[in-house]
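Observations on the model geometry
If you want the building blocks of each chain, they are given just below.
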Amino acid sequence: MNNTYIANNDQNTKDTLMSNKTYFIETYGCQMNVYDSELVATQLEKTGYKATKDIESASLIFLNTCAIREKAQETVHNRLNSLEYLKKRNPDLLIGVLGCMAQNLKDDLLLNKPYVDVILGPDSYRRIPEIIQNRVHSMDHLVDTKLSKFEIYDDLFPSRKDGVNAWISIMRGCDKFCTFCIVPFTRGRERSRPVDSIVTEAKKAVKNGFVEITLLGQNVNSYTTPNGDFSDLLEQVAKIEGIKRIRYTSPHPRDFDDKLLNVMSKYQNICNYIHLPLQAGSSTVLKRMNRTYNREEFINLVKKIRYYLPNCSISTDIIVGFPGETEDDFLETIEMVKINKFNSAYMFKYSSRPGTKAAEYENQIDEESKQERLERLIKTQSEITLLQNKKKIGSIEYVLIEKESKKSKNFWSGRTDGNTWTVIKKNNEKIKDVVPVLITDAKGVTLFGKSLNHKETIYEAN
Ligand code: SAH
Ligand code: SF4
Ligand code: F3S
């Protein structure tokens, strides 16, 4: 099978517009991929494709993939296997693998999944119109997984579905090289997008009805441009009229400074919420992870955050079973979870990623021990989450109504400023309203409450 490496050209793709063509994009992985899928949608729409919700009838299917853990990759492999019959049924169907797995596994995909027509890494989406046109003239595989030092898709605006929150990517890539992590290899070097272009995109999102903005990057606080750092950017975005809420994810503990906390405390519309990935509780493990902070520094940072922002919710990411993690190291993680009292945590078993430094480390931990540690950690954190949520009972939280509750159409679901999902009985609120809610109960990771916008409820509350 021939692999065609596309030559850059300026052909007018409108020539090949096929207005009855439809696309279906399935997105895996982090919010960065969600954002990228929206950029890809813009590119496809430029060439005349229209979105469809029906994968069976789509003329083009793109999977935007993730390589962060082995399981994420397996999911995509399984999904691709399940799509082969669609290709058999319709040989004109175009199947593409985009994103982080494309970058990492192109040879494997070409060898084992010959029905995949297009493989594009995260820096190659600008070429989609051209690739689609080429496809019209050739049946070869199209592969472009080169990483760029410069691509920031500055002039492309994402095609967003209606919604409450708009994700805005402010930087791409990562230079931190934590020893467990594949991202620096799949996404390449760190690049920041100019302040002006981000502010323009945020204003556009507000104009299109979005009320919440989340600024995205692998290390948002290493954002740097001639016109300002991350705190300056955040301040600029906070000043945009009409934004009810601003969130960002993720900051790196190493780069967290007082200036950022000052900006956060100054603006009402910046949420009192920080996702601060810890990864491990033992300084020895943190060192081998190349996280560049130790246990004490992390504890002090959490204290400082709570000093500047007393009501700030903090969530985290934790990996268990990193190579060489002893039972004592693991107990230090459990202890850190108790000391820092995270409001919530994403917890993972270490997954060895070929090509990373930690994949070469000795003393890889067996699956059974990883599973057992994960379960103990989840148990500890769940108790803390519930305790933190129960503390909110009796208080008033401002909830941004986002959608109907999954359990009942008589209830709304929305998030508090501190990012906790909250369920309230429907009154006369609308989606996108921010309503004061009296918290009445906490179960699992969810809060329950009564809207204080409703007269009867105010009476009950008193
Ligand atoms: N840039 C962010 C993390 C992005 S990846 C940061 O620095 O914190 C999201 C999370 O996936 C990481 O925080 C980490 O907890 C987890 N992760 C990354 N690589 C992993 C691996 N090899 N095995 C298990 N979890 C991993
Ligand atoms: Fe991965 Fe570390 Fe970069 Fe986060 S900071 S993306 S964990 S290498
Ligand atoms: Fe996955 Fe790539 Fe995001 S590996 S977590 S989709 S940056």
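Here the structure is shown first, and the text comes after it.
The paragraphs below set out a description of the structure included in this document.

This paragraph deals with the sheet that holds strand E15 (residues 273-275). Spatially, the three strands line up as an open sheet ordered E15-E16-E17, and their pairing is parallel. Here the strands that pair on one side only, and so sit at the sheet edges, are E15 and strand E17 (344-349). Across this sheet, the average inter-strand angle for adjacent strands is 10 degrees, counted without regard to direction. Note: strand E16 (residues 313-320) against E17, six bridges, orientation parallel. The partner of Thr 316 across the bridge, within E17, is Ala 345.

Quick look at the site of ligand 3 now. In the vicinity of ligand 3, the residues found are Cys 30, Asn 33, Cys 66, Ala 67, Ile 68, Cys 100, Arg 187 and Gln 218. Of the residues contributing to the shell around ligand 3, the split by class is five nonpolar, two polar and one charged.

On to the nonpolar core. Counting 68 residues, the largest nonpolar core has Leu 215, Phe 230, Leu 234, Tyr 248 and Ile 274 as its most contacted members. Looking at this core, the element that brings in the most residues is helix H6 (residues 195-207), giving six residues. Apart from residues no more than four positions distant in its own chain, Phe 230 is found in contact with Ile 170, Leu 215, Val 220, Asn 221, Tyr 223, Tyr 248 and Leu 260. In this structure, Cys 66, Leu 83, Leu 105 and Val 143 belong to the second largest nonpolar core, which totals 24 residues.

In this fold, Gln 388 is placed in helix H12 (residues 367-390). Given a relative accessible area of 11%, Gln 388 falls into the buried group. In sequence terms Gln 388 and Lys 425 are 37 residues apart; their C-alpha atoms lie 22 Å from each other. Setting aside anything within four residues of it in sequence, one finds Gln 388 in contact with Arg 306, Lys 341, Phe 342 and Asn 343. Here the side chain of Gln 388 touches Lys 341 through a polar contact of 2.7 Å, landing on its backbone oxygen.

Following Thr 249, the chain continues to Ser 250 via a peptide bond in cis, the omega torsion being -10 degrees. Locating Ser 250 in the fold gives a position in the loop between strand E14 (245-249) and helix H8 (258-266). Phi is positive for Gln 279, which is not a glycine, with a value near 75 degrees. Within the element layout of this structure, Gln 279 appears in the loop between E15 and helix H9 (283-288). Under the relative-accessibility criterion, Gln 279 is labelled buried at 7%. The phi dihedral of Asn 363 is positive, around 60 degrees, even though this residue is not glycine. Inspection of the secondary structure puts Asn 363 in the loop between E17 and H12.

The rules we used
- Numbers given to residues run from 1 along each chain, matching the order in which its sequence is written.
- Written order determines the labels here, with chains lettered from A and ligands numbered from 1.
- Where totals are concerned, whole chains, interfaces and linings use all residues; where local detail is concerned, this predicted model gives features only for residues with pLDDT of at least 70, and gives and counts side-chain atom pairs only at 80 or more.
- Processing note: side-chain calculations cover all non-hydrogen atoms of the structure and skip hydrogens and water entirely.
- Two strands are counted as paired when DSSP detects at least two bridges linking them.
- Starting at the N terminus, helices and strands are each numbered in turn, a helix being any DSSP run of H or I of at least four residues and a strand any DSSP run of E of at least two.
- Structural elements are reduced to axes, namely lines fitted to C-alpha atoms, with helices fitted over the stretch in contact, and the angle between N-to-C directions of any two is expressed from 0 to 180 degrees.
- Whether a residue is near a molecule or strand depends on its heavy atoms: if one lies within 4 Å, it is near.
- Note that Gly is not counted as nonpolar here; it falls among the polar residues with everything else outside the nonpolar set of Ala, Val, Leu, Ile, Met, Phe, Trp, Tyr, Cys and Pro and the charged set of Asp, Glu, Lys and Arg.
- Nonpolar cores are built from buried Ala, Val, Leu, Ile, Met, Phe, Trp, Tyr and Cys residues. Side-chain atoms within 4.5 Å join them into one set.
- The classification of residues rests on relative accessible area computed with a 1.4 Å probe and restricted to protein chains. Under 20% of the type maximum is buried, over 50% is exposed, and intermediate values are partly exposed.
- Any pair of residues with heavy atoms lying within 4.5 Å of one another is described as a contacting pair.
- We define a polar contact as two N or O atoms separated by no more than 3.5 Å, with the added condition that, inside protein, one atom must be a possible hydrogen donor and the other a possible acceptor, whereas residues neighbouring each other in sequence contribute only through side-chain atom pairs.

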